[in-house]
Amino acid sequence: MIIACQVITEELLPLLQPGVTCQTLDFGLHTNPAALRKALQEAIDSAASEIDTIILGYGLCSRAVEGLSSPSCTLVIPKMDDCIGIFLGSHAAYRQQVYGEPGTYYLTKGWIEAAGNEFCEYDTLVKRYGQARAERVLGLMLKHYTRLCYINTGQYNVDEYLNYSREAANRFGLRFEEIKGDNTILKKAVSGLWDDDFVLISPGETVGYNDFLRAE
Amino acid sequence: MNEELVAKISDLQEEDALRLAGNIIKQGGDPNDVLAAARKAMEEVGQRFAVGDYFIPDLIYSGTILKGIVSIIKPHLKQEEAPKKKGAVIIGTVAGDVHDIGKDIVVFMLDCNGFEVFDLGIDVPKQVFIDKIIETNAKVVGLSGFLTLAFEAMKETVDAIKEAGLRDEIKIMIGGGQIDEKIMNYTGADAYGNDALDAVNLARDWLMQ
């Protein structure tokens, strides 16, 4: 069984074998790690009794997965800080992007569809502050950002999403770049190849921060 | 304490807050009182964020109002005799991270509590922290970071300070994002703070013993 964030589900669906159950949780839960943890634990607890392994389509995600446990299932979680690392295919690739240009805003189809990004929150901000002030606040939120990257995972037609991203970049004065994603982590997750890129938590054990640390 | 000013700032009424602060100064009011009201308002904003009434854009907006207030009162503060600084603190957002809302509030709070603050900005390489420690002889370093990925950079910065032979002379505090004792232990810092007041208290404890 898979429990995944809706942003990850978008990328997982094309890879799923028939018969695998995938429960999707709202991306909005990310704004509150405690609420996300609670929703995840509830989803784990309500898994059918014949399930013995649950794959979480999440990374460490602001430490929301810490504290999760199941009395009867093994939990499998990609050993990544968040889904950017998952979409880029490795922790090393993520680090390379982050250290190369830290002021980067990342988008995929899932983020755009889930409206979980500053560009989509524009209307909410306008409602709250009025247009002039909303643009100012959004400008401040993005003041250290120089680049908007669309991660193309190659799994679907991206034209519409590339256009959206390009327009968002233009509108807020960011350099647009399309970068190639890598589905290695997701492919390994769904095919049971749970190597060092995954955290495996036995039944009765609890997910801890140290599980996400990498050997130096 | 000018409660009206506290309310205008914490309610994010920018124009009213700036007009009121300007009027207080024009009428010969004490800039330190304006600063005290701003400080109290920022605590209130932090409180509203903690309980979920305010969101990240509100924090950013409050920071903008704060900057406006500071720019109104700063010229008048300079005319007075500068109070003796309580000690120096170096602060910056670690390499790979560009988040600075929290850091900027910490810088403001340290500054208006009498500390000399060297703000290194965002995405600060570990060597820049080391160079600043040597240059200023500051005894407290604050490492800020919002991403969980930044915890690695914090650890690398602490390790680099240790390798440079400076670790025993300084105290290191970390803050931002989901930071607690586990992250403090992982990074090798001496302490962590949940908010700007924690940072002020830590600096005070370390520098004013």
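Above this text you will find the structure in question.
A word on the pairing of strand S1 (residues 2-5) of chain A
Residue and element names in this part refer to chain A. Where burial is concerned, the two faces of S1 agree: the one with Ile2 and Ala4 and the one with Ile3 and Cys5 are both buried. Examined bridge by bridge, S1 and strand S2 (residues 22-25) share four bridges and lie parallel to one another. Its bridge partner lying in S2, Ile2 is registered against Cys22. After leaving S1, the chain enters helix H1 (residues 6-12) and then returns to the sheet as S2, a path that is right-handed. Here three bridges tie S1 to strand S3 (residues 53-57), and the two strands are oriented parallel to one another. For Ile3, the partnering residue across the bridge sits in S3 and is Leu56.

Observations regarding the packing of helix H3 (residues 31-50) of chain B against helix H5 (residues 101-112) of chain B
Geometry of a packed helix pair, given as the angle between the helix axes and the separation of the axes. Residues and elements named next belong to chain B. Orientation of H3 relative to H5, taken along the N-to-C sense of each, is 145°, at an axis distance of 11 Å. Between H3 and H5 lies a crossing of left-handed hand. From H3, Leu35, Ala38, Arg39, Met42 and Glu43 reach across to H5, where they touch Ile105, Phe108, Met109 and Cys112. Tallied by class, the residues present in the contact of H3 with H5 amount to seven nonpolar, no polar and two charged.

Here's the deal with H3(B)
Taking 1.5 Å per residue as the helical rise, H3(B) with its 20 residues ought to reach 28 Å, and the 29 Å between its terminal C-alpha atoms agrees with that figure. The residue sitting at the N-terminus of H3(B) and contributing the capping side-chain oxygen is B:Asp30; that oxygen lies 2.8 Å from the backbone nitrogen of B:Asn32.

A few points about the sheet that holds strand S4 (residues 74-78) of chain A
Residues and elements named next belong to chain A. Spatially, S2-S1-S3-S4-S8 is the arrangement adopted by the five strands of the open sheet, whose pairing is mixed. Since the sheet does not close on itself, it has two edges, and those belong to S2 and strand S8 (198-201), each with one partner. Geometrically, the sheet is characterised by an average inter-axis angle of 20° between neighbouring strands, direction not taken into account.

Calculation criteria
Within each chain, residues carry numbers counting from 1 in the order of the written sequence. Numbering of ligands from 1 and lettering of chains from A proceed in the order in which they are written. Thresholds applied to this predicted model are a pLDDT of at least 70 for local features of residues and 80 or more for the giving and counting of side-chain atom pairs; totals over whole chains, interfaces and linings are not thresholded and use all residues. Hydrogens and water molecules were not included; the side-chain quantities draw on all heavy atoms of the structure. Burial here depends on accessible area, computed with a 1.4 Å probe over protein chains only, as a share of the maximum for the residue type. Under 20% is buried, over 50% is exposed, and the range in between is partly exposed. Helix numbering and strand numbering both begin at the N terminus, where a helix is a DSSP run of H or I of at least 4 residues and a strand a DSSP run of E of at least 2. Between any two strands, pairing holds if DSSP finds at least two bridges. Clockwise travel from the first strand over the helix to the second, with the strands pointing away from the viewer, marks a crossover as right-handed. Helix axes are fitted to C-alpha atoms over the stretch in contact, other axes to C-alpha atoms as well, and angles between N-to-C directions run from 0 to 180 degrees. Crossing handedness: left-handed means the near helix sits turned counterclockwise from the far one by under a right angle, and right-handed means the same turn made clockwise. We call two residues contacting when some pair of their heavy atoms lies within 4.5 Å. Residues were grouped as follows: Ala, Val, Leu, Ile, Met, Phe, Trp, Tyr, Cys and Pro as nonpolar; Asp, Glu, Lys and Arg as charged; and all remaining residues, including Gly, as polar. Expected helix span is taken as 1.5 Å per residue step, with the number of steps being one fewer than the number of residues. For the purposes of these results, a polar contact is taken to be a pair of N or O atoms within 3.5 Å, where, inside protein, one atom must be able to donate a hydrogen and its partner to accept one; residues adjacent in sequence count only when each atom of the pair is a side-chain atom.

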